[in-house]
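# Residue-level structural notes
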Amino acid sequence: MQIFKEIQPLREHLRHRRSEGVSIGFVPTMGALHEGHLELIRATRGSAGHIVASIFVNPTQFNNPSDLEKYPRTLEKDIELLKTVSCDVLFAPEVAGMYEKPATIHFDFGQLDKVLEGKFRPGHFSGVATVVGKLFNIVEPDVAAFGQKDYQQLQVITRLVEELKFNIRLIPVPTLREPDGLAMSSRNTRLSPQQRKTAVVLHQSLASARQRLLDGTDWSSIQKDVQTTLSKIADVQLEYFELAHRNDLTSTLEFDKREGVILMACNVGPVRLIDNMLV
Ligand code: AMP
């Protein structure tokens, strides 16, 4: 695996590969890699001859400085993991290389970035779109994989690609989970053993809400019950638990529930976790 820290040498390398007729697959990440990330690389393999992963903890998408500071960084281990899935290239730039000057560009995705994560993390999706736009322009991939774990992010990137006419096919990848159901996340490493056990409530709440919805229970009762249940668990603080249409995340409930997605964000101890489940 070749490792690039600078933009220009990476561009030259990829230009060579492209001129040989090789298609480029791209998997952007913030590192602290786990099986979920590796699954994105595997999912890209069938559609691309040369796979580029990036590791960049993007400051402009963090609205909480302590979250940015505490974000796990495990580059040496990440490199070893990427080798196990035969990743061809790692792009791991410095902040100064990606942001020579402070970012002045801002994105507004209408309703899409005002609800759910956007409501609790103002500016987050503008930062995500900024860095993904930069990375797309640097790597110029044919395909790029994103996880459904970050469901709203996937919608934002889909909109970004459509509106800015990036010639990139997006590959959505289902969420990889631990055996007890907890969605794999780089942030899980920050949970204490007790909090790690508690964190299974995210998946349990989603699974039981989905079942009750399919059984005909109305959404507002389900939502209230989850809020009550979670409020009684020590170390758990629910931010939101919402049902939305899976295509555009509009909050109106006037749709067939089977087209819905349930999304939630929750603090477990000091760690903010998100998860979702298609109905
Ligand atoms: P991150 O490093 O958290 O920014 O994630 C990088 C990419 O990996 C994003 O497209 C995420 O949605 C995806 N991802 C993170 N966790 C998982 C998971 N458990 N299963 C599948 N994809 C994931």
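This text goes with the structure placed above it.
A brief structural summary. (Residues numbered from 1 in each chain as written. Predicted model: local features only at pLDDT ≥ 70, side-chain atom pairs only at ≥ 80, totals over all residues. Heavy atoms only, no water.)

### Considerations on the site of the ligand
Near the ligand you find 17 residues, and of these His-37, Gly-147, Asp-150, Leu-176 and Met-184 are the closest. Asp-150 is positioned such that a nitrogen or oxygen atom in its side chain is 2.6 Å from an oxygen atom of the ligand. The separation between a nitrogen atom of the ligand and a polar main-chain atom of Met-184 is 2.9 Å. Here the ligand has 480 Å² of accessible area as a free molecule, and 93% of this is covered by the chains. No other element matches the 3 residues that helix α2 (residues 35–45) contributes to the shell around the ligand. Grouping the constituent residues of the shell around the ligand by class yields 8 nonpolar, 7 polar and 2 charged. (Near = heavy atom within 4 Å. Polar contact = N/O pair within 3.5 Å; in protein donor to acceptor, adjacent residues only side chain to side chain. Areas by Shrake-Rupley, 256 points an atom, 1.4 Å probe, with all protein chains shown as cover. Helix = DSSP H or I, 4+ residues; strand = E, 2+ residues; numbered from the N terminus. Nonpolar A, V, L, I, M, F, W, Y, C, P; charged D, E, K, R; others polar.)

### Thoughts on the packing of helix α7 (residues 124–139) against helix α8 (residues 151–163)
Helix-helix packing: each pair is described by the crossing angle between the helix axes and the interaxial distance. Contact geometry of α7 with α8 gives a least axis separation of 10 Å together with a crossing angle of 50 degrees. Judged by the inter-axis angle, α7 sits oblique to α8. Crossing handedness for the pair α7 and α8: right-handed. Taking contact as the criterion, the partners of Phe-125, Val-128, Ala-129, Val-132, Gly-133 and Phe-136 in α7 are, on α8, Gln-152, Gln-153, Val-156, Ile-157, Leu-160 and Val-161. (Axes fitted to C-alpha atoms, helices over the stretch in contact; angles between N-to-C directions. Parallel < 35°, antiparallel > 145°, perpendicular 65-115°, else oblique. Left-handed = near helix turned anticlockwise from the far one by under 90°. Contact = heavy atoms within 4.5 Å.)

### Notes on the pattern of salt bridges
Counted under the stated rule, the structure contains 16 salt bridges. A salt bridge links Glu-39 to Arg-42, with the shortest nitrogen-to-oxygen separation between them at 2.9 Å. Taken together, the positions of Glu-39 and Arg-42, both in helix α2 and 3 residues apart, correspond to about one turn of that helix. Here Arg-42 falls in the partly exposed class, since its relative accessible area comes to 39%. As a salt-bridge pair, Asp-88 and Arg-45 come within 3.9 Å of each other at their nearest N and O atoms. Here the residue Asp-88 occupies a position in the loop between α4 (75–84) and β4 (89–91), and Arg-45 occupies one in helix α2, the gap between them amounting to 43 residues. (Salt bridge = Lys/Arg side-chain N within 4 Å of Asp/Glu carboxyl O. Buried < 20%, exposed > 50% of the residue type's maximum accessible area, 1.4 Å probe, protein only.)

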